[in-house]
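Structural description and commentary
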Number of protein chains: 4
Amino acid sequence: MIINMREGASEQEIQHVIERVKEAGFQAHVTRGTERAIVAAVGSNGRRHELRALAAAPGVTEVVPIAQPFKLVSRQVKPTGTVVDVAGVRIGDGGFVIIAGPCSVESREQLFSTAKSVKTAGAHLLRGGAYKPRTSPYEFQGLGLEALELLSDVRKATGLPIVTEVMSTEDVDQICEHADMLQVGARNMQNFALLRRLSKANKPILLKRGPSASVKEWLLAAEYLLAGGNPDVVLCERGIKTFETGTRNTLDLASIALARELSHLPVIADPSHGTGKPSLIPPMSRAAAALGADGIMVEVHPCPERALSDGPQSLDLDGFSRLMQSLAEPLRSVPVQRNSAVA
Amino acid sequence: MIINMREGASEQEIQHVIERVKEAGFQAHVTRGTERAIVAAVGSNGRRHELRALAAAPGVTEVVPIAQPFKLVSRQVKPTGTVVDVAGVRIGDGGFVIIAGPCSVESREQLFSTAKSVKTAGAHLLRGGAYKPRTSPYEFQGLGLEALELLSDVRKATGLPIVTEVMSTEDVDQICEHADMLQVGARNMQNFALLRRLSKANKPILLKRGPSASVKEWLLAAEYLLAGGNPDVVLCERGIKTFETGTRNTLDLASIALARELSHLPVIADPSHGTGKPSLIPPMSRAAAALGADGIMVEVHPCPERALSDGPQSLDLDGFSRLMQSLAEPLRSVPVQRNSAVA
Amino acid sequence: MIINMREGASEQEIQHVIERVKEAGFQAHVTRGTERAIVAAVGSNGRRHELRALAAAPGVTEVVPIAQPFKLVSRQVKPTGTVVDVAGVRIGDGGFVIIAGPCSVESREQLFSTAKSVKTAGAHLLRGGAYKPRTSPYEFQGLGLEALELLSDVRKATGLPIVTEVMSTEDVDQICEHADMLQVGARNMQNFALLRRLSKANKPILLKRGPSASVKEWLLAAEYLLAGGNPDVVLCERGIKTFETGTRNTLDLASIALARELSHLPVIADPSHGTGKPSLIPPMSRAAAALGADGIMVEVHPCPERALSDGPQSLDLDGFSRLMQSLAEPLRSVPVQRNSAVA
Amino acid sequence: MIINMREGASEQEIQHVIERVKEAGFQAHVTRGTERAIVAAVGSNGRRHELRALAAAPGVTEVVPIAQPFKLVSRQVKPTGTVVDVAGVRIGDGGFVIIAGPCSVESREQLFSTAKSVKTAGAHLLRGGAYKPRTSPYEFQGLGLEALELLSDVRKATGLPIVTEVMSTEDVDQICEHADMLQVGARNMQNFALLRRLSKANKPILLKRGPSASVKEWLLAAEYLLAGGNPDVVLCERGIKTFETGTRNTLDLASIALARELSHLPVIADPSHGTGKPSLIPPMSRAAAALGADGIMVEVHPCPERALSDGPQSLDLDGFSRLMQSLAEPLRSVPVQRNSAVA
């Protein structure tokens, strides 16, 4: 880290910082400029939080970290991409994996018709919520255990592995019995008690990015999972909160490219929450495939206008088929120049 | 709710919406404009989520709610402000309540010296973290039970009631034994499993606003607590995430005035997290007092540059005394016009 | 528009609103719910601003528009996409148009080497700044007229049409002599004096989205150009301001899909400003092509580390060639299910 | 500036950076850590943009500035606060100055009745728009010259100095004849052509913060004015764009305290645009006075529901009187502890 001294900091203040840097287990290198000094803390075995706290020392303006704060999730540590195996479906293997299904499990009929349909259209995994995080306590909160049992049944019937959300440490064991992959929702991305519990679970985790989490914070949340012992983590960008109200969230596709650059973990997109508009799901899914994302997660409902949650952003069964077809179409091509006469 | 039909929606589409509105338990009133129709759903006993899902029906452009979605927290329901009693300290009673103390409990000595000092300066409640939500798994995570026992001890010694954060449903019982008020941190504002558990707890709750939560979402999180049976809720604005990097967060003071207008619950400010800069804490605390907030929560540490967490934004003991003095100074006054000759 | 009355609004307040709606040239349709009333203003020839101001009338909570505020740019008005011809290069014609070149024109050598290189690699238009909007007055402000003359020369030499930014009404005539397309920068998107002047210019306009402009505000800025008489407008998304600091801006690709849905105007992406990182330019360019954007605008410099502006986000000449190659690669393909045994 | 090398950067890459730092006119100090090196550029007479561009050099991860980029506006350069005199009204002199008036000048009667009323209530300056920046070309654009003449008349009648917005370099001379202070609107904060022109004007400037401008960018916009020769600049915070939709903008009061810490220029708040809600104007005005702002700017209209612009956020004449009274009320007081028995 680099400790910036303010203009006119006294020699005593600089010496104090140097001593504290050494006390924290680092070497201190001072550079004195014409107007101000900087102190660089060198070494890899010191106590970094003691350096950070030096921002409060007299004469210091700020402490600037120069290394990334995550370790196990870093591509520097593990240059080759991780492949996460979800009951036979490999995410991160170079293909574009499709996770589809209803926002909430509402009934046997709704779940089975959706599952069969998305399977026929080519989906690889089935999503479906049993426990639902809802902004209002008066909204549908999910069928709970009944939904989990329906998910087990539909897996038997279709062979599609199951992804479902876990909201509480207390539900982890039960959900692990019925699901193949556990999703951490956006609002729980920094629920550290839950992350610590899931780091000991025996299932792969789908970690959604929080609506106001930076890419760095997202990777540090994944670091909790790897540091606790669970290496099977897939990241999922689902849109961030911005001033734009024309879409439900702002799907930050560059964060996928950036996360793949910084980390070896697979990264997918959720264009359903990311846009909130069915018409935008196909173009944004194609964009995700084009930039190198490892897949998408999409909400599908047999009758969106009767859905108990997230109907307005769900594709119907035909819409999902058309989405799958659109993923096979080529990019817009670059025309050959027509005005090349002069050169 | 109002269902807006698109320009050129067919009569069949309009009739379909009307039927679905009735099916959901409402009356349907249609207004046909020159270019488009709107359908108003009238009544108070219908199933609102069925109306919301109609955004997915053919011919519909959007569904616009016209009533606020919260009930028990609303000032319409209870016009007089709620007073929350925390072991004898009354929040919401017209005075400006001061909660102060270290970010984390680090040692007996650190805690006792801080507590005595903030008490002498005039603080009413003591804050101190036992379980700490940290962005990185490699940062100090709090002393846990040891910290709780120190908090019990310091309460006996000083008489200051204790506020401490709860991160997990599993810790609720234990924390209730040692603390007088339980804090839900910003990153757990929509941890609905935790909110449901705390709605059954026998202690007042300090509910921080999430860094990307709208005022509406914040009030709905409080609604979980009241709906579950706990009426003793104090709201705390602690800054939202924006593009501005000159401060740690953007302290949204207008949200305090707005929350007090919409709800009867007391609302306080946290200028420590809200700004991240000690020099900005006194002016923002004064601003909070001026606009009608019910108090502030401030981080204080005997030696910020040695703090295990949040040192750079902590006041030292002298700084806290000066803050308390600054709260007694009057507003800038409006000068009498000097150029009034002409009129 | 719909005027929502508050709960308990008096009959007198409702009648007052009805009268004001009629006075503004609309019919008033009232729907009385169990708790509140709404008044719908029907008609297309009234004065809309008088309705908006009713938000200030007693008993009114809000005024909700139900029609989009733009007209000439709307796809409802003109369902087929507009093609903008820039000196023979057609934008919006189904192909993916490449605009490339240096941030600033710095010298004849720099400009010519870049132009020849991007032309060889397949670019269709040359960008280059003569007048530069710079955050600080102490930064390089562009070569002005000298740059414009160099741009004229390089067009003659290469045949590439020229795109350059206009910052001031006073420069419009001069720039029109040398450039084929005039760019309105992000920070001038709502410089209405400039937009009005450009609506009378005889050249196509490239209108960048402001860093905090909603899609609606962006389209209304374009409406100024069309309403003033210039139909040749290309929109350019260049990233919005958010809390994320891992990228320079947040490139909002969904806004491109949304703008193309709402408007008939062509829309391109600027991944250079949108990400600020050369490594993210190829994936985001591919994403733009995949979702249906009409092209990209990219900064290229023969030696980015010596650029007078925006070096850190510029591609070098080889980097631009590789970008062009990457645009020819197919999307990630969706693997055929391997676990389909059971169904 | 500090140039951070990536882990594993070669000796050759480090030497290349050192040479380029020297070439740019600085001394280079290298610190070699266990994992990476940093190069500090020392000196005050070098060419900083050449250092910034080094972010594009091989082996470099980032270039971190350690000095603030503004000079003339900095409080380091001029520790005592600037007082701006607007026709006899002194802003920055320790008092709280009130600028009030209609959003737009609409008629002689509207202007005169407002002016007399706000003067009686205690306002020091009169605002009123002649040229209006409007999101849509179909909205009222201001009365232009006719409005300016009315403003001159009302000044004669009331003695209140006039503040009005300038949108275009072409209007500067004309507006200077009629107004005492020229306002640069939020959307023109980075209209550098306008700033350069106003730096030569003979009137004080009110510089609004852009809706997505950081405090640093805002101060650099002011730097354009001072660097060009106009020292009489007052800053005005008017709300930034965030995800919150409960208020029109998010009034960032901490930015006022921060701007006053970094700069010697006076800073005022605009709670009308900052909140968009009349009920929030008094509490936020009081908050501004409490934190040390030098004044406020408030929109007042005799009949907000008939205003041609910004009616919904305007105070009526009575509302403005009540605001002025509320500014005389004291802060909420801190109660004496009642539970102090134990200690």
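Throughout what follows, the structure given in this document is the object of discussion. (Residues numbered from 1 in each chain as written. Chains lettered and ligands numbered in written order. Predicted model: local features only at pLDDT ≥ 70, side-chain atom pairs only at ≥ 80, totals over all residues. Heavy atoms only, no water.)

On to the packing of aromatic side chains, then. Aromatic ring pairs are described here by two measures, namely the spacing of the ring centres and the angle between the planes. Following the criterion strictly, the structure yields 4 aromatic pairs over all chains and no others. Where Phe-192 of chain A meets Tyr-224 of chain A, the ring centres are 4.7 Å apart and the plane angle is 25 degrees; that geometry is what we call stacked. Taken as a pair, Phe-192 of chain A in helix α6 (residues 192-198) and Tyr-224 of chain A in helix α7 (residues 215-228) lie far apart in primary sequence, 32 residues in all. Across the pair, exposure class does not vary: Phe-192 of chain A and Tyr-224 of chain A are buried alike. Over the ring of Tyr-138 of chain B we find Lys-71 of chain A; its NZ or CZ atom is 4.5 Å from the centre of that ring. (Phe/Tyr/Trp six-rings, centres within 6.5 Å; stacked < 30°, edge-to-face > 60°. Helix = DSSP H or I, 4+ residues; strand = E, 2+ residues; numbered from the N terminus. Buried < 20%, exposed > 50% of the residue type's maximum accessible area, 1.4 Å probe, protein only. Lys NZ or Arg CZ within 6 Å of the ring centre and 35° of its normal.)

The next subject is the interface of chain B and chain A. The interface of chain B with chain A comprises 51 residues on the first partner and 51 residues on the second. Interface area for chain B against chain A, summed over the two sides, is near 4100 Å², with a carbon-plus-sulfur share of 51%. Per-residue buried area on chain B facing chain A is highest for Thr-135, Tyr-138 and Glu-305 of chain B; these three make up 17% of the total on that side. Counting across the chain B and chain A interface gives 8 salt bridges. Between Arg-20 of chain A and Glu-305 of chain B there is a salt bridge; the shortest N-O distance is 3.0 Å. The tally of links from chain B across to chain A stands at 25 residue pairs in polar contact (both at pLDDT 80 or more). (Contact = heavy atoms within 4.5 Å. Buried area = accessible area lost by both parts, 1.4 Å probe. Salt bridge = Lys/Arg side-chain N within 4 Å of Asp/Glu carboxyl O. Polar contact = N/O pair within 3.5 Å; in protein donor to acceptor, adjacent residues only side chain to side chain.)

This part covers the relation of the copies chain A and chain C. Related by rotation about an axis and a shift along that axis, the two copies of the chain form a pair. After a rotation of 180 degrees and a shift along the axis of 0.0 Å, chain A superposes on chain C with an RMSD of 0.1 Å. Taken together, the rotation angle and the small translation identify this as a two-fold axis. Across chain A, the smallest distance between a C-alpha and the rotation axis is recorded for Ala-287 of chain A, namely 2.0 Å. Interface overlap between copies: 100% of the residues of chain A at the interface are likewise at the interface in chain C, consistent with a symmetric, same-surface contact. (Least-squares fit on C-alpha atoms with pLDDT ≥ 70 in both.)

For the pair chain B and chain A, the best superposition has an RMSD of 0.0 Å and corresponds to a rotation of 180 degrees with a translation of 0.0 Å parallel to the axis. Mapped onto chain A, 100% of the interface residues of chain B again fall at the interface, so both copies present the same surface.

Each full turn of the α-helix corresponds to 3.6 residues, which orients residues three or four apart in the same direction. With 7 of 10 residues buried, helix α8 (residues 253-262) of chain D is to be regarded as a mostly interior element. Within α8 of chain D, the full set of buried residues consists of Leu-253, Ala-254, Ser-255, Ile-256, Ala-257, Leu-258 and Ala-259 of chain D.

On to the interface of chain A and chain C, then. At the junction of the two partners, chain A supplies 66 residues and chain C supplies 66 residues. Of the roughly 5100 Å² buried between chain A and chain C, counting both surfaces, carbon and sulfur atoms make up 59%. The interface formed by chain A and chain C contains 4 salt bridges. The interface formed by chain A and chain C includes 18 residue pairs in polar contact (both at pLDDT 80 or more). Counting only elements with at least two residues in the side of chain A that touches chain C, the list comes to β6 (89-91), α4 (145-158), α8 (253-262) and α10 (281-291) of chain A. In terms of residue count, α10 of chain A provides more of the side of chain A that touches chain C than any other element does, 7 residues in total. Across the side of chain A that touches chain C, the residue classes break down as 31 nonpolar, 20 polar and 15 charged. (Nonpolar A, V, L, I, M, F, W, Y, C, P; charged D, E, K, R; others polar.)

Turning our attention to the pattern of salt bridges. Taken as a whole and assessed by the stated rule, the structure comprises 88 salt bridges over all chains. Residue Glu-139 of chain B is joined to Arg-52 of chain A by a salt bridge in which the shortest nitrogen-to-oxygen separation is 3.3 Å. Taken together, the residues span two chains, with Glu-139 of chain B in the loop between β8 (125-127) and α4 (145-158) and Arg-52 of chain A in helix α2 (residues 48-53). What makes Glu-139 of chain B buried here is its relative accessible area of 17%. Linking Arg-47 of chain C and Glu-50 of chain C is a salt bridge whose minimum nitrogen-to-oxygen distance equals 2.6 Å. Residues participating in the shared-partner salt-bridge network are Arg-20 and Glu-23 of chain A together with Glu-305 and Arg-306 of chain B.

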